[in-house]
Amino acid sequence: MQKQIIKYSFLVIALCLSLFSCTKEIDFEQADDLEISPVIETSLIFFDEPASSFWVNNTEVISIKDSIKIGFFSNKFIVDNLIKADFVFEATNSINKGFQVSVDLLNDSEQLLHTFTLLASLSTDGSDVISNHVEEFEGDTLIALTNTSKIVFTLSLIPGETINETSLGRIKLKSKAVFYLNIDDDSI
Amino acid sequence: MKKFILFFIVISCCFSFSQNKQLLYGFSDIPQSLLLNPGGKIKNDWYFGIPLLSHIHANVGITGSTIYDIFASNGIDFNTKLQNAVYSMGSNDFFSANQQLEIFSGGFSFGSSYVKNKYLSFGLYQEFDFITYFPKDLAILALEGNQNNIYRPFRANNINVAAEAISVFHLGYNKKVNDNFTFGVRGKIYSSILNVNSTNNKGRFITERGQNNFYEHIFNLDLEARTSGVASLTDDESGSNAVVKDLTKRVLLGGNLGLGFDIGITHQLNEQWSLDASLLDVGFIRHSKDVENYKIEGDYVYEGIDPIFPDTGNGQTAEDYWNEIEDDFVELFTPDTTTSKYTTWRPIKLNTSINYGFGEKQYEDCNCLKDNKSYLNSVGLQLFAMTRPKQPIAALTAYYYRRLFNNLQVKATYTIDSYSAYNIGLGMSTNLGGLNFYVMADNFLEFKNIYNAQSVSLQLGFNYIFNKNED
């Protein structure tokens, strides 16, 4: 009797083992090929001002300049994984005056790495005039972007009819950044 | 550190398969079946488990995709397979692992000398339980980004993880009131070795079209992770020996303590039909020592930087404006660390079954009437249910049990559960002299390609049993 039990037990165990041994081919090394390509969009700068804002102390303001220090673009994750970026601008102008916005990208030592200008065309009849600009960063310009630590914005009035406190209309700017990332196994 | 890792590999990965022990439940030839129903039938006079070998249980399970779906070496691009898996899974899909190792156990019957109708059993076992739900929204955000997901909320409740390692001291009492009714209770003291959980996250991140700018990014977050027993290990610079010593102490009631109980009954409806049921691990653990919790809570709406005319009049520059935004982000995403005590509830398990015995055992030597007729076969239906962080899981099992010889019993099960609708399990228990050995595993149909299995589970153990002299 005991022999039979032993025989059966071994049979069951052998059966289990033989079933266990069957696996189809699996390749965990494939994880090295991991590559994901999310596209992130984020708001950048914006403003919305009436014409009268450009009339200060009884004089027309010719240009306004401001800057921000930003560490985001030189963040290691961005440097390693960003393959392309677009800055998308949309200006809506109903003032009888053209504007231009210059954007200067500077590095730590205040060296100019890249600059671009977008125009907001004037509106002769008070209706909204929409101007678009897309600044693409790829290759050398992308390198410039990822070395950027300071951005200087300069809003200038294009010569034309003078603005005073009774001037009508508004100037609006919307913008966003589109970041094309490619994240692979090494950076996770 | 190596020893620390080894400790966990040995403890948690020995053999692992679900917490549903459909093969062991009701298998009264095996003393450990009493852990699944303290009011179960008892077939031995006394027993002791071979230390560290009396009950080894492991279970891993995954719903949705399998390892094979993602890692098959079939020429399809890995990223395509990964994407397919992500898209096919939902936020209620989960991966879970459960492991138990009995350190010692024993039991004996007592009562008046002619009817020993009471039974005491006791022991110490270690258990590891892990569950993580698939964070679908997070995976989509990582795969696609937000560009094509404007107005799609990325919900924080998708992050749902719980892990615990505990040891359990238990003492159970079983009483056969009469031929038709047996009940039992088991008291448990839990000692938590490690606990990590983040199961109550709320809030979301969403990108919407904005008023002033293209987009408004809305962060509304309420995330919390609670840990106990972890902080001292990661801080510990006193070396791996101290860590192992510390963990061993926690196994022996030195961790965060809790209390719980199991109850169960068996009701013999007539000679052939019986009903039984049990409720296990109704209990809690109070985490007061070595607690470290992390919380991220806040609301923030970002729509961009107003660089040229920031708050005209108060002299604020774009630099100030941007610094304020940066500070707000840092404040939102820097977790607050607290040491607030907390309580966790053990996952409660319900087992119940209806059984039908048939095929009376023939006695060669006499045709005498036995008090307890014993049947060679039984069939039945078992129901298992268990609480989990998001929603309970359940499994329904049909089984066939057969005594092949006096000393060999086998059981086959067919189970439908969250993992699959065709889970076949096999188990056997054999006695060689006083030594009892049992082994059981399920999902046999998937063993031909184990990586494609949604769950696998294995239990085995050795006991020394002194049986009632009934055969």
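Within an unreviewed UniProt entry, the label attached to chain B reads DUF5723 family protein, and the organism entered is Flavivirga jejuensis.

Our focus in this paragraph is the overall build of chain A. Helices and strands together make up the secondary structure of chain A, namely three helices and 13 strands. Out of the 188 residues in chain A, the part that is buried amounts to 44%. Once local pairs closer than 6 in sequence are excluded, the contacts in chain A between residues at least 24 apart make up 85%. Accessible surface, chain A as shown: approximately 10,000 Å² in total, 54% of it carbon and sulfur.

On to the overall build of chain B, then. Counting its regular elements, chain B contains seven helices and 21 strands. Put simply, chain B has 471 residues, and 51% of those count as buried. Total accessible area on chain B stands at roughly 21,100 Å², and carbon and sulfur atoms take up 59% of it.

Residue and element names in this part refer to chain A. What the four strands build is an open sheet, ordered β6-β11-β8-β9; its pairing is antiparallel. A single partner strand is all that each edge strand has here, and the edge strands are β6 (63–69) and β9 (112–120). The mean angle between the axes of side-by-side strands here comes to 15°, regardless of whether they run parallel or antiparallel. Bridge count between strand β8 (residues 99–106) and strand β11 (residues 150–157): eight bridges; the pairing is antiparallel. Bridge assignment links V103 to a residue of β11, and that residue is F153.

Turning next to the side chain of B:E127. All names here are of chain B. Mapped onto the secondary structure, E127 falls in strand β4 (residues 118–133). There is a polar contact of 3.3 Å between the side chain of E127 and the side chain of Q100. Apart from the residues within four sequence positions on either side, E127 is in contact with Q19, N98, Q99, Q100, E164, A165, I166, R346 and K349.

A word on the environment of B:I218. Residue and element names in this part refer to chain B. Along the polypeptide, I218 turns up in strand β9 (residues 215–228). Once the C-alpha coordinates of I218 and V301 are considered, the two residues, 83 residues apart in sequence, prove to be 4.5 Å apart. Residue contacts for I218: discarding those within four places in its chain leaves R204, F205, I206, E208, Y300 and V301.

Before going further, it helps to examine helix α7 (residues 318–333) of chain B. Given a rise of 1.5 Å per residue, 16 residues ought to cover 22 Å, and the 23 Å separating the end C-alpha atoms of α7(B) matches this to within 8%. What α7(B) keeps buried is the set B:A318, B:E319, B:Y321, B:W322, B:I325 and B:L332. Each buried residue of α7(B) lies within a common arc of 165° when the element is viewed along its axis, so the set occupies one face. For α7(B), the exposed residues set more than 90 degrees away from the buried face come down to B:D327, B:V330 and B:E331. Buried residues in α7(B) make contact with β6 of chain A together with β9 and β12 (291–302) of chain B.

Moving on: the packing of aromatic side chains. Residue and element names in this part refer to chain A. Applying the stated criterion across every chain yields a total of 29 aromatic pairs over all chains. Pairing F54 with F99 gives two aromatic rings, centres 5.0 Å apart and planes at 45°, and the pair type is tilted. You can see F54 sitting in the loop between β3 (47–50) and β4 (55–56) and its partner F99 sitting in strand β8, a full 45 residues away along the chain. On the basis of relative accessible area, F99 is assigned to the buried category, the value being 1%.

Let us look at the nonpolar core. Residues A:F87 and A:F99 are the most contacted members of the largest nonpolar core, which totals 62 residues. Residue contacts for A:F99: discarding those within four places in its chain leaves A:F54, A:N93, A:L118, A:L119, A:A120, A:L155, A:S156, A:L157, A:I158, A:I163 and A:I171.

Right, let's get into helix α4 (residues 136–144) of chain B. Looking only at α4(B), the buried set comprises B:K136, B:D137, B:A139, B:I140 and B:L143. The buried residues of α4(B) all sit within an arc of 160° when viewed along its axis, so they share a single face. Looking at the packing, one finds that the buried side of α4(B) touches β1 (35–36) of chain A together with α3 (78–88) and β5 (154–155) of chain B. Of the residues trailing α4(B), B:G145 is marked for its positive phi of about 80°.

Moving on to the pattern of salt bridges. Residues and elements named next belong to chain B. All chains considered together, the criterion is met by 19 salt bridges over all chains. With its nearest N and O atoms 2.9 Å apart, the salt bridge here joins E164 to R346. Of this pair, E164 sits in strand β6 (residues 161–178) while R346 is found in the loop between β14 (342–345) and β15 (349–360), placing the two residues 182 residues apart along the sequence. Comparing E164 with R346 shows no difference in burial state: the two are buried. Notably, a salt bridge pairs D222 with K295, separated by 3.0 Å at the nearest N-O pair. Residue D222 is located in strand β9, and its partner K295 is located in strand β12; the two are separated by 73 residues in the primary sequence. With relative accessibility at 24%, the residue K295 sits in the partly exposed group. Several salt bridges converge on common partners, so that one network encompasses E127, E164, K188, D262, D281, R346 and K349.

Analysis parameters
Residues numbered from 1 in each chain as written. Chains lettered and ligands numbered in written order. Predicted model: local features only at pLDDT ≥ 70, side-chain atom pairs only at ≥ 80, totals over all residues. Heavy atoms only, no water. Helix = DSSP H or I, 4+ residues; strand = E, 2+ residues; numbered from the N terminus. Buried < 20%, exposed > 50% of the residue type's maximum accessible area, 1.4 Å probe, protein only. Contact = heavy atoms within 4.5 Å. Areas by Shrake-Rupley, 256 points an atom, 1.4 Å probe, with all protein chains shown as cover. Pairing = 2+ DSSP bridges. Axes fitted to C-alpha atoms, helices over the stretch in contact; angles between N-to-C directions. Polar contact = N/O pair within 3.5 Å; in protein donor to acceptor, adjacent residues only side chain to side chain. Expected span 1.5 Å × (residues − 1). Arc of directions from axis to C-beta. Phe/Tyr/Trp six-rings, centres within 6.5 Å; stacked < 30°, edge-to-face > 60°. Core = buried A, V, L, I, M, F, W, Y, C linked by side-chain atoms within 4.5 Å. Salt bridge = Lys/Arg side-chain N within 4 Å of Asp/Glu carboxyl O.

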